[in-house]
Amino acid sequence: MASVLVRIGVFVAETAPYLRIAADLRRRISAGELRPGDRVPSTRTLVREWGVAMATAAKALSALGEQGWVRAVPGSGTVVADRTPVKPPLGRDGLVRAAIALADAEGIAALSMRRLAAELDVGPMALYRHVPDKDELLRLMADVALGEAELPEPGPVPWRPRLELAARSQWRAYRRHPWLAPILLNSLVRPPVLAAGLRLLDWSLRALAGTGLRRRVKLQVVMTLNGWVGGLAVSNAFEVQAEHDTGITGDQRLAADMTLLADYLGSGRFPVLAEVMTGVEDVDLDEAFEFGLRRQLDGIAVLLGEQHA
């Protein structure tokens, strides 16, 4: 009995006069009979057309207003509201982050000004109000991506944990954004000028303060470490881009080459390599990073030891 009463109550509520009026107006708006900015029938008109009380007509318009279908305009009455989603204004920061998201998802080769404009649902020329060309867009993308590196202030004081943290921060940025390393390593001697890059360089050089190294050697130490991290990341970037381009993973390519590799190793032409690789599993990229980072830091330690010998 209780459920029957509930259903009866719902039925009565749904067929209340003001709801029927509101439903009819929504239908007319959805059908395009009433367009955004058009005046909807006034309460007096609704009273006349529907034969309801003024309060009922007012309640119908109020319900539509609460649902966002209409809005009151002083001096004009109640008009149909524009329910088209409002796109946030395109700014340079939003443009750069959209480009980063596209490059992360589909690779840097998928990024073009036309494709980015389509992703943002704007005309291609709208992008050029914020960046002069694609080269500048890539520079801004690299600046934002590298800027994600965690470099606490003041940070570790001893040189080794400080340079280790700098290397790991770069590695995380490269792994998160595989396209980043080729942009930064396009020229190790003259990389693109980035605020994030200068911050990283300054932060790393502070590790060598008080070591007695000449200024030029300090710069060479940091460049060598950064270049090694970036070089390892570039190899990963090429593999990731190849997967985007072909749909074939690195493991799948390796599996396809295993027969040829086995033939070479079994030929006797490369005896030492064959001995070393026997029973050795594929080396993980992060494992290679960990091994190489320790050796890089050990080498810097030798340099500093020689400096104070």
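Residues numbered from 1 in each chain as written. Predicted model: local features only at pLDDT ≥ 70, side-chain atom pairs only at ≥ 80, totals over all residues. Heavy atoms only, no water.

**Student:** Looking at this structure, I do not really get the overall build of the protein. What am I missing?
**Tutor:** What the protein contains, in helices and strands, is 15 helices and 2 strands. In the protein, which comprises 309 residues, the proportion classed as buried is 31%. In the protein, the proportion of contacts linking residues at least 24 apart, taken out of those at least 6 apart, comes to 66%. Split by element, the accessible area of the protein, about 18,700 Å² in all, is 58% carbon and sulfur. (Helix = DSSP H or I, 4+ residues; strand = E, 2+ residues; numbered from the N terminus. Buried < 20%, exposed > 50% of the residue type's maximum accessible area, 1.4 Å probe, protein only. Contact = heavy atoms within 4.5 Å. Areas by Shrake-Rupley, 256 points an atom, 1.4 Å probe, with all protein chains shown as cover.)

**Student:** Help me out: how do you make sense of the confidence of the model for the protein in this one?
**Tutor:** As a note on interpretation, predicted positions should not be read in detail where pLDDT is low. Overall, the prediction assigns the protein a mean pLDDT of 83, with 86% of residues at 70 or greater. Confidence drops under a pLDDT of 50 for residues 1-14, and excluding neighbours within four residues, the segment shows 2 contacts in the predicted structure. (pLDDT = per-residue confidence, 0-100.)

**Student:** Please clarify how the packing of helix α2 (residues 17-30) against helix α4 (residues 54-66) should be interpreted in this entry.
**Tutor:** What describes two packed helices is the angle between their axes and the distance between those same axes. As a packed pair, α2 and α4 sit with axes 8 Å apart at the nearest point and diverge in direction by 50°. The angle between the axes of α2 and α4 places the two elements in the oblique class. For α2 against α4, the interelement crossing comes out right-handed. Facing α2, whose interface residues are P17, Y18, I21, A22, L25 and R26, α4 presents T56, K59, A60, L61, A63 and L64. (Axes fitted to C-alpha atoms, helices over the stretch in contact; angles between N-to-C directions. Parallel < 35°, antiparallel > 145°, perpendicular 65-115°, else oblique. Left-handed = near helix turned anticlockwise from the far one by under 90°.)

**Student:** Which parts of the structure should I look at to understand the pattern of salt bridges?
**Tutor:** Oppositely charged side chains can pair when the atoms bearing their charge come close. Applying the stated rule across the entire model yields 16 salt bridges. Where R28 meets E33, a salt bridge forms, and the shortest distance between an N and an O atom there is 3.6 Å. Given the relative accessible area of 47%, E33 is considered partly exposed. A salt bridge links R206 to E153; the nearest nitrogen and oxygen atoms lie 3.0 Å apart. Of this pair, R206 sits in the loop between α11 (195-205) and α12 (215-246) while E153 sits in the loop between α8 (134-146) and α9 (159-176), and the two are 53 residues apart along the sequence. On the basis of relative accessible area, R206 is assigned to the partly exposed category, the value being 37%. Through salt bridges with shared partners, one network takes in D24, R27, R28 and E33. (Salt bridge = Lys/Arg side-chain N within 4 Å of Asp/Glu carboxyl O.)

**Student:** Whenever I open this one, the environment of L61 confuses me. Can you help?
**Tutor:** Secondary-structure assignment places L61 in helix α4. Judged by its relative accessible area of 11%, L61 falls in the buried class. With 39 residues separating them in the primary sequence, L61 and A22 have C-alpha atoms 6.8 Å apart. With residues near it in sequence (within four places) discarded, L61 still touches L25, V40, P41, T43, L46, V70 and T78.

**Student:** What exactly am I supposed to notice about α9 here?
**Tutor:** Residue pairs spaced three or four apart in an α-helix point in one direction, given the helix's 3.6 residues per turn. A rise of 1.5 Å per residue sets the reference length of α9, with its 18 residues, at 26 Å; its end C-alpha atoms lie 26 Å apart and thus fit the reference within 8%. Along α9, the residues classified as buried are W159, R162, L163, A166, A167, S169, Q170, W171, A173 and Y174. (Expected span 1.5 Å × (residues − 1).)

**Student:** Explanation requested: the packing of helix α5 (residues 92-106) against α8 in the structure shown.
**Tutor:** Following both chains from N to C, one finds α5 and α8 inclined at 85°, their axes separated by 9 Å at the closest point. Comparing their axes, α8 and α5 come out roughly perpendicular. In this structure, α5 contributes R92, L95, V96, R97, A99, I100 and A103 to the contact, and α8 contributes L137, L140, M141, V144 and A145. Here the contact of α5 with α8 is built from residues that sort into 10 nonpolar, no polar and 2 charged. (Nonpolar A, V, L, I, M, F, W, Y, C, P; charged D, E, K, R; others polar.)

**Student:** Is there a simple way to think about empty space enclosed by the protein in this case?
**Tutor:** Rolled over the atoms, a probe as big as a water molecule pinpoints where empty space is left. Counted according to the given criterion, the structure contains 1 cavity of 30 Å³ or more. Approximately 30 Å³ is the volume found for the largest cavity. Looking at the largest cavity, the residues that line it are E148, A149, E150, S169, R172, A173 and R176. Among the residues making up the lining of the largest cavity, the classes are represented as 2 nonpolar, 1 polar and 4 charged. (1 Å grid on protein atoms, 1.4 Å probe; cavity = no way out; pocket = protein on both sides within 12 Å on 5 of 7 lines; lining within 4 Å. Points joined across faces, edges and corners; volume = space filled by probe spheres on them.)

**Student:** How should helix α6 (residues 113-120) be read in this particular structure?
**Tutor:** If you check which residues of α6 are buried, you get M113, L116 and A117. For α6, the angular spread of buried residues about the axis comes to 100°, placing them on one side. Within α6, the exposed residues directed more than 90 degrees away from the buried face are R114 and A118. If you follow the buried residues of α6, they end up packed against α5, α7 (124-127) and α8. At the exit of α6 stands D121, carrying a positive phi of roughly 60°. (Arc of directions from axis to C-beta.)

**Student:** How do you make sense of the nonpolar core when you look at a structure like this?
**Tutor:** Note on soluble globular proteins: their nonpolar side chains tend to be buried together. Counting 52 residues, the largest nonpolar core has L111, L137, M141, W159, L163, W179 and L180 as the members making the most contacts within it. For this core, the secondary structure elements donating two or more residues are α5, α6, α8, α9, α10 (180-184), α11, α12 and α15 (285-307). In contact with L180, other than residues within four places in its own chain, are A142, A145, L146, A173 and Y174. Within the second largest apolar cluster, 15 residues are counted, among which are L25, A60, L64 and V70. (Core = buried A, V, L, I, M, F, W, Y, C linked by side-chain atoms within 4.5 Å.)

**Student:** So what exactly am I meant to see when it comes to the side chain of S169 here?
**Tutor:** For S169, the location among the structural elements is in helix α9. For S169, a relative accessible area of 2% corresponds to the buried category. A distance of 2.9 Å separates the side chain of S169 from the backbone oxygen of E150, its partner in a polar contact. When residues no more than four places from it in sequence are discounted, the contact partners of S169 are A149, E150 and L151. (Polar contact = N/O pair within 3.5 Å; in protein donor to acceptor, adjacent residues only side chain to side chain.)

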